[in-house]
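Each chain, written out:
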Amino acid sequence: MTTETVQINPTIIKAFVHSTKNVLSTMANTQCTIGKPYLKEKNTSHYDVSGIVGFTGEIIGSVVISFTSEMAIKLVEQFTGENYTADSDYFADAVGELSNMIAGNAKSEFGLTAGISIPSVIIGTNHSVARMSDVPCVVIPCETPYGKMAVEVNVKCVG
Amino acid sequence: MKFLLVDDSRTMRNIWKKVVSSIAGTEVFEAGDGLEGLKQITENGPFDVMLVDWNMPNMDGLTMVTKVRETDKKSIIIMCTTEAEKPRIIEAIKAGVNNYVVKPFTPDTLLTKIDDTLKKAGVGQPA
Ligand SMILES: [Mg+2]
């Protein structure tokens with residue numbers, strides 16, 4: 001990796017830390033502990049359930065919010081008040097909306113003009129998510145009472 | 001009072017529906033994007049209050065609000081969105097929204113927002 005690509009904007013990482021905590025506590029009454037962010041090499045997702053939101057404008061790329069399925073089911077239950085299984089459309093919708101809020105809330109702290117895509121949700125063990133290869137992927141590990149999740153940030157500023 | 005809830009996430013619509021249904025005498029309609037929202041207005045409108053998300057497929061909330069305001073200056077529109085940047089809020093106000101709530105928000109926040117907006121517009125007080 002070149003020096004240029006390993007430069008990570010701390011404002012962006014901080015924004016995702018804030019938004020993740022805010023969305024989980026406001027929408028799912030769930031507190032999370034943030035671990036030390038690190039660079040990720042592989043393309044495979046961390047866990048079994050991933051919500052993906054793209055960025056356009058002065059910042060491009062995506063964020064992947066990856067959960068263990070156990071954790072996602074619990075979190076969705078906290079969010080919706082319903083116990084959906086991972087194959088339910090409602091489950092995917094709820095994961096998508098949580099991801100949308102995490103991405104959108106973080107975006108407002110970037111200080112840039114940017115838009116977000118409609119969220120996509122992928123469910124399945126060891127799925128991979130294509131990313132921009134010239135941009136480092138920073139993983140923000142999160143621990144909750146229901147299990148682990150990871151916020152994977154793969155963005156670059158173009159503004 | 002007639003409500004229209006427009007958000008591409010049905011989870012969100014369900015949460016809003018619970019909030020709105022706690023207000024006495026409400027009738028609730030839903031739409032999954034701006035186009036469906038306009039269709040609901042044609043078929044079941046006019047609505048007293050519309051809660052409208054911004055980021056949706058097919059037609060976004062800002063476009064929908066702009067279209068609604070071409071003919072309807074009266075309905076109360078509250079934008080409920082993750083879009084929180086000042087220029088966005090200004091854009092929405094220019095398009096004609098009465099109020100703005102940034103996601104994530106709790107049911108209480110939404111209820112208070114609806115209440116305040118109705119009062120400001122001089123519409124009878126909800127529950
Ligand atoms: Mg939306």
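Basis of the calculations
- Residues numbered from 1 in each chain as written.
- Chains lettered and ligands numbered in written order.
- Predicted model: local features only at pLDDT ≥ 70, side-chain atom pairs only at ≥ 80, totals over all residues.
- Heavy atoms only, no water.
- Helix = DSSP H or I, 4+ residues; strand = E, 2+ residues; numbered from the N terminus.
- Rg over C-alpha atoms; globule rule 2.2 N^0.38 Å.
- Buried < 20%, exposed > 50% of the residue type's maximum accessible area, 1.4 Å probe, protein only.
- Contact = heavy atoms within 4.5 Å.
- Salt bridge = Lys/Arg side-chain N within 4 Å of Asp/Glu carboxyl O.
- Pairing = 2+ DSSP bridges.
- pLDDT = per-residue confidence, 0-100.
- 1 Å grid on protein atoms, 1.4 Å probe; cavity = no way out; pocket = protein on both sides within 12 Å on 5 of 7 lines; lining within 4 Å.
- Points joined across faces, edges and corners; volume = space filled by probe spheres on them.
- Nonpolar A, V, L, I, M, F, W, Y, C, P; charged D, E, K, R; others polar.
- Donors = N, O, S within 2.8 Å, 3.2 Å for Na, K, Ca; no water.
- Axes fitted to C-alpha atoms, helices over the stretch in contact; angles between N-to-C directions.
- Parallel < 35°, antiparallel > 145°, perpendicular 65-115°, else oblique.

1. Details of the overall build of chain A
A count of helical and extended segments in chain A gives three helices and eight strands. Counting helices and strands in the order they occur from the N terminus, chain A gives α-β-β-β-β-α-α-β-β-β-β. Relative to the compact-globule value of 15 Å for 159 residues, chain A shows a C-alpha radius of gyration of 15 Å, a close match. Across its three principal directions, the C-alpha atoms of chain A cover 45 × 30 × 25 Å. Across the 159 residues in chain A, those meeting the buried criterion constitute 50%. Counting contacts in chain A only where the partners sit at least 6 residues apart, residues at least 24 apart contribute 69% of the total.

2. Details of the pattern of salt bridges
This model, assessed by the stated rule, comprises 14 salt bridges over all chains. The salt bridge involving B:Asp7 is made with B:Lys103; its shortest N-O contact spans 2.8 Å. Linking B:Asp7 in the loop between strand E1 (2-6) and helix H1 (10-21) with B:Lys103 in the loop between strand E5 (99-102) and helix H5 (107-120), this pair joins segments that are 96 residues apart in sequence. For B:Asp7, a relative accessible area of 0% gives the class buried. Between B:Arg88 and B:Glu83 there is a salt bridge whose closest N-O contact spans 3.5 Å. Taken together, the shared-partner salt bridges connect A:Glu97, B:Asp7, B:Asp53 and B:Lys103 into one network.

3. Topic: the pairing of strand E4 (residues 59-67) of chain A
Residue and element names in this part refer to chain A. Summarising burial for E4: eight of the nine residues are buried, a large majority. Both strand E3 (residues 49-57) and E4 contribute to a ladder of seven bridges, which runs antiparallel. Among the inter-strand pairings, isoleucine 52 is bridged to a residue of E4, identified as valine 64. If you look at the hairpin formed by E3 and E4, you'll find one residue sitting between the two strands. In this structure, E4 lies alongside strand E8 (residues 147-157), joined through nine bridges in antiparallel fashion.

4. Some words on the confidence of the model for chain A
With 96% of its residues at a pLDDT of 70 or more, chain A shows a mean pLDDT of 91. Throughout residues 1-6 of chain A the model reports pLDDT below 50, and contacts reaching past four residues in sequence, or to other chains, amount to seven contacts.

5. Details of the layout of surface pockets
What the second largest pocket holds in volume is close to 150 Å³. As for the second largest pocket, its lining consists of A:Thr26, A:Met27, A:Phe79, A:Thr80, B:Ile15, B:Lys18, B:Val19, B:Phe105, B:Thr106 and B:Pro107. Sorting the residues of the lining of the second largest pocket by element identifies helix H1 (10-28) and helix H2 (69-80) of chain A together with H1 of chain B as the ones contributing at least two each. When residues in the lining of the second largest pocket are grouped by element, the largest group, three residues, is from H1(B). Looking at the lining of the second largest pocket, its residues break down into six nonpolar, three polar and one charged.

6. Structural notes on the coordination of the magnesium ion
Residues and elements named next belong to chain B. Donor atoms from the polypeptide that bind the magnesium ion are Asp8 (OD), Asp53 (OD) and Asn55 (O), placed at 2.1 to 2.3 Å. Each donor residue of the magnesium ion belongs to the same chain, with the gaps between them written as D-x44-D-x1-N. Taken as a pair, aspartate 8 in the loop between E1 and H1 and asparagine 55 in the loop between strand E3 (49-52) and helix H3 (61-71) lie far apart in primary sequence, 47 residues in all. A relative accessible area of 13% places asparagine 55 in the buried class.

7. What about the packing of H2(A) against helix H3 (residues 89-107) of chain A?
What describes two packed helices is the angle between their axes and the distance between those same axes. All names here are of chain A. Packing of H2 against H3 leaves a shortest axis separation of 10 Å and a crossing angle of 80°. Classified by the angle between their axes, H2 and H3 sit roughly perpendicular to one another. Facing H2, whose interface residues are Ala72, Ile73, Leu75, Val76, Phe79 and Thr80, H3 presents Phe91, Ala94, Val95, Glu97, Leu98 and Met101. Considered class by class, the residues forming the contact of H2 with H3 number 10 nonpolar, one polar and one charged.

8. Examining the sheet that holds strand E2 (residues 27-31) of chain B
All names here are of chain B. Taken in spatial order, the five strands make up an open sheet running E2-E1-E3-E4-E5, and their pairing is parallel. Edge positions in the sheet fall to E2 and E5, since each has one partner strand and no second. With direction set aside, neighbouring strand axes in the sheet form an average angle of 20°. For E3 and strand E4 (residues 76-81), the ladder comprises four bridges, and the chain directions are parallel. By the bridge assignment, leucine 51 is partnered in E4 with isoleucine 78.

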